[in-house]
Amino acid sequence: DAKTTQPNSMESNEEEPVHLPCNHSTISGTDYIHWYRQLPSQGPEYVIHGLTSNVNNRMASLAIAEDRKSSTLILHRATLRDAAVYYCILSGVGSNDYKLSFGAGTTVTVRA
Amino acid sequence: DGGITQSPKYLFRKEGQNVTLSCEQNLNHDAMYWYRQDPGQGLRLIYYSQIVNDFQKGDIAEGYSVSREKKESFPLTVTSAQKNPTAFYLCASSPGHRNYGYTFGSGTRLTVV
């Protein structure tokens, strides 16, 4: 099964951009790249997802490498409310169903 | 507003008792999922269902059971066979295609006393 690798933690200053890397060197051609984030004692929240092209929405941007073996989630201006665990996940890994497998994620700390 | 409702938010159970966690969605999603999260850990898949009257085991199904009699509902029963049931339980739903994201509930924290 294709897996993702993320740093355990990252720190950022408020109102500065945050770049969260994710490696997925064994990704298959039909796997989508999903990002979720989870605040303490809450359920994960969908952030963004993409297949090949870069994606933007009101929360973040997703930059996907041309070979699709890595991607970067970009928070353009971090706020204290962005402090959370961020998960990078591949969908439909190695099967025909669409369950998501969550790893440990990256814990993002935002300094005021 | 559409969403997923999990109840109760906190649940206490005595050892040896079965307990059922509720999960209801009004998003018209075909697929539903149950995850377990232990402190400081990621989510682990317990069971999932892609259509009504059908469900599959996830990575840690032992000691748990589910049913999917209605599209909107996917209750999880934690049985006495589950050795370490104290955890944070999360329910999610999706349209059932890999191009769509999941919507999660706010979770149920189960404590065995």
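As a reminder, the structure under discussion sits directly above these lines.
Rules behind the numbers
Residues numbered from 1 in each chain as written. Chains lettered and ligands numbered in written order. Predicted model: local features only at pLDDT ≥ 70, side-chain atom pairs only at ≥ 80, totals over all residues. Heavy atoms only, no water. Helix = DSSP H or I, 4+ residues; strand = E, 2+ residues; numbered from the N terminus. Rg over C-alpha atoms; globule rule 2.2 N^0.38 Å. Buried < 20%, exposed > 50% of the residue type's maximum accessible area, 1.4 Å probe, protein only. Contact = heavy atoms within 4.5 Å. Buried area = accessible area lost by both parts, 1.4 Å probe. Salt bridge = Lys/Arg side-chain N within 4 Å of Asp/Glu carboxyl O. Polar contact = N/O pair within 3.5 Å; in protein donor to acceptor, adjacent residues only side chain to side chain. Disulfide = S-S within 2.5 Å. Pairing = 2+ DSSP bridges. Patch = residues over 30% accessible without salt bridge, like charges linked within 9 Å, V, L, I, M, F, W, Y side chains within 5 Å. Areas by Shrake-Rupley, 256 points an atom, 1.4 Å probe, with all protein chains shown as cover. Axes fitted to C-alpha atoms, helices over the stretch in contact; angles between N-to-C directions. Phe/Tyr/Trp six-rings, centres within 6.5 Å; stacked < 30°, edge-to-face > 60°. Lys NZ or Arg CZ within 6 Å of the ring centre and 35° of its normal.

**Q** What's the story with the overall build of chain A in this structure? I'm lost.
**A** A count of helical and extended segments in chain A gives 0 helices and 9 strands. Listing the helices and strands of chain A from first to last along the sequence gives β-β-β-β-β-β-β-β-β. A compact globule built from 112 residues would reach a C-alpha radius of gyration of about 13 Å, and chain A, at 13 Å, matches this within 12%. Seen through its principal axes, chain A has C-alpha atoms that stretch 45 × 30 × 25 Å. Considering chain A as a whole, with its 112 residues, one finds that 45% of them fall into the buried category.

**Q** Just checking my understanding: could you explain the interface of chain A and chain B for this structure?
**A** Interfaces are often sized by the amount of accessible area the parts lose when they come together. The interface is formed by 24 residues belonging to chain A together with 22 residues belonging to chain B. At the boundary of chain A with chain B, total buried surface from both sides reaches about 1,800 Å², with 52% on carbon and sulfur atoms. On inspection of chain A and its partner chain B, the count reaches 0 salt bridges. The tally of links from chain A across to chain B stands at 5 residue pairs in polar contact (both at pLDDT 80 or more). Broken down by element, the residue count for the side of chain A that touches chain B peaks at 3 residues, all from strand β3 (residues 33-38) of chain A.

**Q** How should the side chain of His49 of chain A be read in this particular structure?
**A** Structurally, His49 of chain A can be placed in strand β4 (residues 45-50). At 2.5 Å, the side chain of His49 of chain A and the side chain of Tyr46 of chain A are in polar contact. Other than its neighbours up to four places away in sequence, His49 of chain A contacts Tyr32, Ile33, His34, Val55 and Leu62 of chain A together with Asn99 and Tyr100 of chain B.

**Q** Even after reading the chapter, I still don't get the state of the cysteines, so can you show me in this structure?
**A** Here, the word disulfide means a covalent bond between the sulfur atoms of two cysteines. All names here are of chain A. For the structure on display, the rule yields 2 disulfides over all chains. Across a sulfur-sulfur distance of 2.1 Å, Cys22 and Cys88 are joined as a disulfide pair. Of note, the bridge from Cys22 to Cys88 carries an S-S torsion of about -85 degrees and is left-handed in sense. Here Cys22, found in strand β2 (residues 18-23), pairs with Cys88, found in strand β8 (residues 84-90); they are 66 residues apart in sequence, far enough to count as distant. Residue class for Cys22 comes out buried when judged on its relative accessible area of 1%. When its relative accessible area of 1% is taken as the criterion, Cys88 is described as buried.

**Q** Help me out: how do you make sense of the sheet that holds strand β6 (residues 61-64) of chain A in this one?
**A** Backbone hydrogen bonds are what pair the strands of a sheet, in a parallel or an antiparallel way. In spatial order, the strands read β2-β7-β6-β5 (chain A); together these 4 strands make up an open sheet with antiparallel pairing. Unpaired on one side and paired on the other, β2 and β5 (55-56) of chain A mark the two borders of the sheet.

**Q** Explain a nonpolar patch on the surface to me, please; I cannot follow it from the model alone.
**A** Residue and element names in this part refer to chain B. A surface patch of nonpolar side chains, about 380 Å² in accessible area, is lined by Tyr10, Phe12 and Val113. Within the secondary structure, Phe12 is located in strand β2 (residues 10-13). Residue Phe12 is classed as exposed on the basis of its relative accessible area of 59%.

**Q** Please explain the sheet that holds β4 of chain A as it appears in this structure.
**A** All names here are of chain A. Spatially, β1-β9-β8-β3-β4 is the arrangement adopted by the 5 strands of the open sheet, whose pairing is mixed. Across the chains shown, the open sheet's two edge strands, defined by having one partner strand only, are β1 (9-13) and β4. For this sheet, the mean angle separating the axes of adjacent strands, direction not counted, is 25 degrees. Pairing geometry for β3 and β4, over 5 bridges, is antiparallel. Pairing of Ile33 across the sheet is with Gly50, part of β4.

**Q** Please explain the packing of aromatic side chains as it appears in this structure.
**A** All names here are of chain B. Throughout the structure, instances matching the rule amount to 13 aromatic pairs over all chains. Geometrically, the ring pair formed by Tyr33 and Tyr102 is stacked, given 4.2 Å between the ring centres and 20 degrees between the ring planes. Placement of Tyr33 in strand β4 (residues 31-37) and of Tyr102 in the loop between β9 (87-94) and β10 (103-104) is noted, with a sequence separation of 69 residues between them. For the pair Tyr33 and Tyr102, a shared accessibility class is recorded, and that class is buried. The ring of Phe74 has Arg68 lying over it, and the distance from NZ or CZ to the ring centre is 6.0 Å. Lying over the aromatic face of Phe88, Arg109 brings its terminal NZ or CZ to 4.5 Å of the ring centre.

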